[in-house]
Amino acid sequence: MARVTVEDCIEKVDNRFELVLLSSHRARMLAAGAPLTIDRDRDKNPVVALREIADSTVSPDDLKEDLIHSLQKYVEVDEPEAETVPMIAAPGGSDSDDSNVALDRMSEEDLLRGLEGLKPPEDTDEDDGL
């Protein structure tokens, strides 16, 4: 198979600088273990990334979004606002125990943010006698 040239890829990505950013990001993804969408043919990751872009097996828009996401340090999550629901009083005016219960709810993003702030436990070897 012939080598990929920039002219093959420039039809998919108009800006050459953006093409370099996207193909290098895809090459790093391949090096990290991302699945190939084409046959490797003994090519290195940058050439495979360019061939994937030229053959339209990966979307440049998806690569751009993934690149932006990988460079962000703080990702703002758009969560729906809490709906206010009026409390319905129990008939007879009896006060049940359920009215004082507060549920602790945490979104997945809040949990991930909390886990990122934790430090890994330090290894303590008790066998060393220190």
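Residues numbered from 1 in each chain as written. Predicted model: local features only at pLDDT ≥ 70, side-chain atom pairs only at ≥ 80, totals over all residues. Heavy atoms only, no water.

Spelled out, the test is: UniProt positions are given in the numbering used here, feature names are shortened, and annotations may be inferred rather than shown by experiment.
Where an unreviewed UniProt entry is consulted, the protein appears under the name DNA-directed RNA polymerase subunit omega, with the organism given as Phreatobacter aquaticus. Recorded in UniProt for the protein, the comment headed Subunit (unreviewed entry) runs: "The RNAP catalytic core consists of 2 alpha, 1 beta, 1 beta' and 1 omega subunit. When a sigma factor is associated with the core the holoenzyme is formed, which can initiate transcription." If you open the UniProt record of the protein and go to Sequence similarities (unreviewed entry), you find "Belongs to the RNA polymerase subunit omega family."

## Describing helix α4 (residues 60-71)
Since the α-helix packs 3.6 residues into each turn, any two residues three or four apart lie on the same face. Put simply, the rule is: To qualify as a helix, a DSSP run of H or I must reach at least 4 residues; to qualify as a strand, a run of E must reach at least 2; elements of each kind are numbered from the N terminus. Multiply 1.5 Å by the residue count of a helix minus one, and that product is the helix's expected span. Here the term buried applies to any residue with accessible area under 20% of the maximum for its type, exposed to any over 50%, and partly exposed to those in between, with areas from a 1.4 Å probe on protein chains only. Relevant arc is that of directions from the helix axis to the C-beta atoms, nothing else. We call two residues in contact when some of their heavy atoms are within 4.5 Å.
The end-to-end C-alpha distance of α4, which contains twelve residues, comes to 16 Å, matching closely the 16 Å that a straight helix rising 1.5 Å per residue would cover. For α4, the full list of buried residues reads Pro60, Leu63 and Leu67. The buried side chains of α4 occupy one side of the element, clustering within an arc of 60° when seen end-on. Those residues of α4 that are exposed and angled more than 90 degrees off the buried face are Asp61, Asp62 and Glu65. Where α4 is buried, its residues touch α2 (16-31) and α3 (45-54).

## Brief notes about α2
Heads up, the condition is: Pairs of N or O atoms are called polar contacts if they sit within 3.5 Å, as long as, within protein, a hydrogen donor faces a hydrogen acceptor (for residues adjacent in sequence, only side-chain-to-side-chain pairs).
Between its first and last C-alpha, α2 extends 22 Å over 16 residues, near the 22 Å set by a 1.5 Å rise per residue. Taken residue by residue, α2 has Leu19, Leu22, Ser23, His25, Arg26, Ala27 and Leu30 as its buried positions. Elements that come into contact with the buried residues of α2 comprise α1 (6-10), α3 and α4. For α2, the N-terminal capping position is held by Asn15, with its side-chain oxygen 2.9 Å away from the main-chain nitrogen of Phe17. Just downstream of α2 lies Gly33, where phi reads positive at about 115°.

## Concerning the packing of α2 against α3
Applied cut-off: As a rule, the C-alpha atoms of each element are fitted with a line to give its axis, helices using only the stretch in contact, and angles between N-to-C directions run from 0 to 180 degrees. What sets the label is the angle itself: under 35 degrees gives roughly parallel, over 145 gives roughly antiparallel, 65 to 115 gives roughly perpendicular, and the rest give oblique. Put simply, a crossing is left-handed when the front helix is turned counterclockwise from the back one by less than a right angle, and right-handed when it is turned clockwise. Each residue is assigned to one of three groups, with Ala, Val, Leu, Ile, Met, Phe, Trp, Tyr, Cys and Pro labelled nonpolar, Asp, Glu, Lys and Arg labelled charged, and all others, Gly among them, labelled polar.
The geometry of α2 relative to α3 is characterised by a closest axis approach of 8 Å and an angle of 120° between their N-to-C directions. Put simply, α2 runs oblique to α3. Considering only the axes of α2 and α3, their crossing is right-handed. Together, Leu19, Leu22, Ser23, Arg26, Ala27, Leu30 and Ala31 of α2 and Asn45, Pro46, Val48, Ala49, Leu50, Glu52 and Ile53 of α3 make up the contact between the two elements. Along the lines of polarity and charge, the residues of the contact of α2 with α3 split into ten nonpolar, two polar and two charged.

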